[in-house]
Amino acid sequence: MIPENTGPAAVIVLAAGAGTRMKSRTPKILHEIGGRSMVGHALLAARSISPRQLAIVVRHERDLVARHVAELDPAALIVDQDDIPGTGRAVEVALQALDAEQDLTGTVVVTYGDVPLLSGQLLAELVATHEREANAVTVLTADLDDATGYGRILRGEDGTVTGIREHKDASDAERLIREVNSGIYAFDAAVLRDALTHVTTDNSQGEKYLTDVLGLARKAGGRVAAVVTADRWQVEGANDRVQLSALGAELNRRIVEAWMRAGVTVVDPATTWVDSSVTLDEDVRILPNTQLHGATTVARDAVVGPDTTLTDVTIGEGAKVTRTHGSGAVIGAGAAVGPFTYLRPGTVLGDTGKIGAFYETKNVTIGRGSKLSHLGYAGDAEIGEDTNIGCGNITANYDGEKKHRTVIGSGVRTGSNTVFVAPVTVGDGAYSGAGAVIRKDVPAGALAVTVAAQRNAEGWVAANRPGTRSAELAQAATTDSSSTPASTEEGK
């Protein structure tokens, strides 16, 4: 029994170019926008139309690109382009590799690894039109206000595509044409296979051009047509960092707008950046200068920002996160974080808990309702429920060689500037006095104090800091004190 065809026979993603205009040690297609590499966006769009096979053609920085692709899509077939240049040759080697797995029949889509805004919806429209009209080739085109530098689409009286004229070869009349070639195609596999055997490198660039297939298909009696998109961004590539930035800004605009239409309040879209992998619930409120990256999720009624950057952070319903930098953390429902807080990986804040101003946390679990309000550090620790950690507390978790764990129970109250020298355990309901250095376990309900007798060295400033402003003021205060008359019965 032949399995149901749920998509095209194959999608071929071309990703062999060097991308020298990026001026980067990173391959062009590995540059990111919206939290995903350009080739990652391309693979996602390709997979969304359910091809029976998916191939990606690589060459420049082959091993680095192949490793990245394997992480994103282990089932993708990685094909190496040989020394023969050109998009036609790239498709040819991919087709040969795919045929080696299974002889292709049906539709073959060709797209690129540097067209990150191309959607699966537009690819599906291309395939549907191609198959409905029984075309030999269907090219995706776009209408541009300024088509300078693009190949123009030439059409016959019946509307079919008769050719593609490169800008440098176009006549004045042809240069007035606004419809341009995107380089993205749907081919009949048999037509493509046959035509590529006749495409040569006999041109000024010495390359095997994929565009030559269109003329060969027409000559063989096939129909060549086009699908026109009014959304030019979907066919825009990124050849340098200026274009990459423009594409990134447009992608972010679309992401933010989509979330607003889904019920999220974004106070200032111009300063809000949200990765394509982020999830937001209805009635979330995002304040200005906020960036949400990776697998960050924000639950209903939570407020994030302003001036907040979060990566892979889970935020519970109704939580508030203000002026915070965080990654790999979990914030419970109704909890509060910030301002000026640094959440490092492994931070878990329980429901209705608080991590306040100028606090840093790492690998710490904080129970429901517990508060770490200001000026401290908690690392490699476990804190129970309804505990209040005083101002300036720290867990001294590192002995210079190893990290150690601090365990603080529920209902604990700690005085200002308490230091927990790990490994140490503090029992439920215990207290610590201000300035305590906790080196030993504290039993439940106990008060831990480390108090040394205060000693005042009279006259120390005059003796050790003569001539200073402090010495002058101290001398004046001493003189004033000694000149004050003693109280007498007559003076009362």
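The model shown is predicted, which means the values in this text are computed figures rather than measured ones.

Cut-offs used in this document
Residues numbered from 1 in each chain as written. Predicted model: local features only at pLDDT ≥ 70, side-chain atom pairs only at ≥ 80, totals over all residues. Heavy atoms only, no water. Helix = DSSP H or I, 4+ residues; strand = E, 2+ residues; numbered from the N terminus. Rg over C-alpha atoms; globule rule 2.2 N^0.38 Å. Contact = heavy atoms within 4.5 Å. Phe/Tyr/Trp six-rings, centres within 6.5 Å; stacked < 30°, edge-to-face > 60°. Buried < 20%, exposed > 50% of the residue type's maximum accessible area, 1.4 Å probe, protein only. Lys NZ or Arg CZ within 6 Å of the ring centre and 35° of its normal. Salt bridge = Lys/Arg side-chain N within 4 Å of Asp/Glu carboxyl O. Polar contact = N/O pair within 3.5 Å; in protein donor to acceptor, adjacent residues only side chain to side chain. Pairing = 2+ DSSP bridges. Patch = residues over 30% accessible without salt bridge, like charges linked within 9 Å, V, L, I, M, F, W, Y side chains within 5 Å. Areas by Shrake-Rupley, 256 points an atom, 1.4 Å probe, with all protein chains shown as cover. Arc of directions from axis to C-beta. pLDDT = per-residue confidence, 0-100. Core = buried A, V, L, I, M, F, W, Y, C linked by side-chain atoms within 4.5 Å.

Trainee: Break down the overall build of the protein chain for me, citing the residues and quoting the values.
Mentor: Within the protein chain one finds nine helices and 37 strands. Its C-alpha atoms give the protein chain a radius of gyration of 34 Å, clearly above 23 Å, the size a compact globule of 492 residues would have. The C-alpha extent of the protein chain, read off along each of the three principal axes, is 125 × 55 × 45 Å. Looking at the protein chain alone, contacts between residues at least 24 apart form 39% of all its contacts between residues at least 6 apart.

Trainee: If you had to explain the packing of aromatic side chains to someone new, which residues and values would you point to?
Mentor: Tallying each qualifying case throughout the model produces two aromatic pairs. Summarising the aromatic geometry, the rings of Y185 and F187 are spaced 5.2 Å apart at their centres and angled 35° between planes, so their arrangement reads as tilted. Each member of the pair, Y185 as well as F187, is classed as buried. Residues F340 and F358 carry aromatic rings whose centres are separated by 5.2 Å and whose planes lie at 15° to one another, so their mutual orientation is stacked. With F340 in the loop between β24 (336-337) and β25 (341-343) and F358 in strand β27 (residues 354-366), the pair connects residues that are 18 residues apart, well separated along the chain. Over the aromatic face of W233 sits the side chain of R232, whose NZ or CZ is 4.2 Å from the ring centroid. The aromatic ring of Y398 is capped on one face by K403, whose charged end is 5.7 Å from the ring centroid.

Trainee: Which residues make up the pattern of salt bridges, and what values go with them?
Mentor: One pass over the full model with this rule turns up 26 salt bridges. Here R89 makes a salt bridge to D82, at a shortest N to O gap of 2.3 Å. Taking relative accessible area as the criterion, R89 reaches 13% and is therefore assigned buried. Under the relative-accessibility criterion, D82 is labelled partly exposed at 26%. Notably, a salt bridge pairs R254 with E250, separated by 2.7 Å at the nearest N-O pair. Here R254 pairs with E250, and both are found in helix α7 (residues 241-261), just four residues apart, close to one helical turn.

Trainee: Describe the side chain of T309, and please don't skip the residues or the numbers.
Mentor: The topology assignment puts T309 in strand β19 (residues 308-311). For T309, the side chain forms a polar contact with the side chain of Q291, separated by 2.5 Å. Excluding its chain neighbours within four sequence positions, the residues that come into contact with T309 are Q291, H293, T324, H325 and G326.

Trainee: Got a sec to walk through the pairing of β19? Specific residues and values, please.
Mentor: Pairing of strand β16 (residues 290-293) with β19 involves four bridges; the strand directions are parallel. Residue pairing for β19: H293 is matched across the bridge by T311. Relative to strand β22 (residues 324-327), β19 runs parallel, the two sharing three bridges. Paired with L310 across the strands is G326, a residue of β22.

Trainee: Any chance you could break down a nonpolar patch on the surface for me, citing the residues and the numbers?
Mentor: Together, Y431, L447, V449 and V451 give the surface a local cluster of nonpolar side chains, amounting to about 450 Å² of exposed area. The topology assignment puts V449 in the loop between β37 (447-448) and α8 (460-464).

Trainee: So what about helix α6 (residues 212-219)? Which residues, and what values?
Mentor: For α6, the set of buried residues is V213, L214 and A217. Burial along α6 is one-sided: seen end-on, the buried residues are contained in an arc of 105°. The elements touched by buried residues of α6 are β7 (137-143), β9 (161-165), β10 (179-188), α5 (189-196) and β11 (224-229). G221 occupies a position one or two residues after α6 and carries a positive phi of about 95°.

Trainee: Account for helix α1 (residues 38-47), naming residues and giving values.
Mentor: Most of α1 sits out of view: eight of its ten residues are buried. Every buried residue belonging to α1 is among M38, V39, G40, H41, A42, L43, A45 and A46, and all of these are buried.

Trainee: Kindly report on the pairing of strand β4 (residues 53-58), identifying the contributing residues and their values.
Mentor: Every other side chain in a regular strand lies on the same face of the sheet, so the side chains alternate between the two faces. The buried fraction of β4 is high, at six of six residues. Residues of β4 alternate between two faces, with Q53, A55 and V57 on one and L54, I56 and V58 on the opposite face, all of them buried. Of the strand pairs in this sheet, strand β1 (residues 10-15) and β4 are connected by six bridges, and their pairing is parallel. By the bridge assignment for β4, A10 is matched with Q53. Two elements, β4 and strand β5 (residues 77-80), share four bridges in a ladder whose sense is parallel.

Trainee: Outline the confidence of the model for the protein chain, listing residues and values.
Mentor: Residues with a pLDDT of 70 or more make up 97% of the protein chain, whose mean pLDDT is 93. This stretch, residues 1-5, has a pLDDT under 50; its non-local contacts, to residues over four places away or in other chains, come to one contact. Across residues 488-492, where pLDDT falls below 50, the model places one contact with residues more than four positions away in sequence or in other chains.

Trainee: Residue-level account of the nonpolar core, with values.
Mentor: With 70 residues, the main nonpolar core has I12, V57, V137, L192, L210 and V213 as its most contacted residues. Those residues in contact with L210 that lie beyond four places of it in its chain are T87, G88, V91, V110, Y185, F187, L192 and L196. Grouped together as the second largest cluster of nonpolar side chains are 52 residues, I33, L372, V412 and A448 included.

Trainee: Can you break down the environment of D268 residue by residue, with the values?
Mentor: Looking at where D268 falls in the secondary structure, it is placed in the loop between β12 (265-266) and β13 (272-274). For D268, a relative accessible area of 25% gives the class partly exposed. Along the chain, D268 and L287 lie 19 residues apart, while their C-alpha atoms are 6.7 Å from each other.

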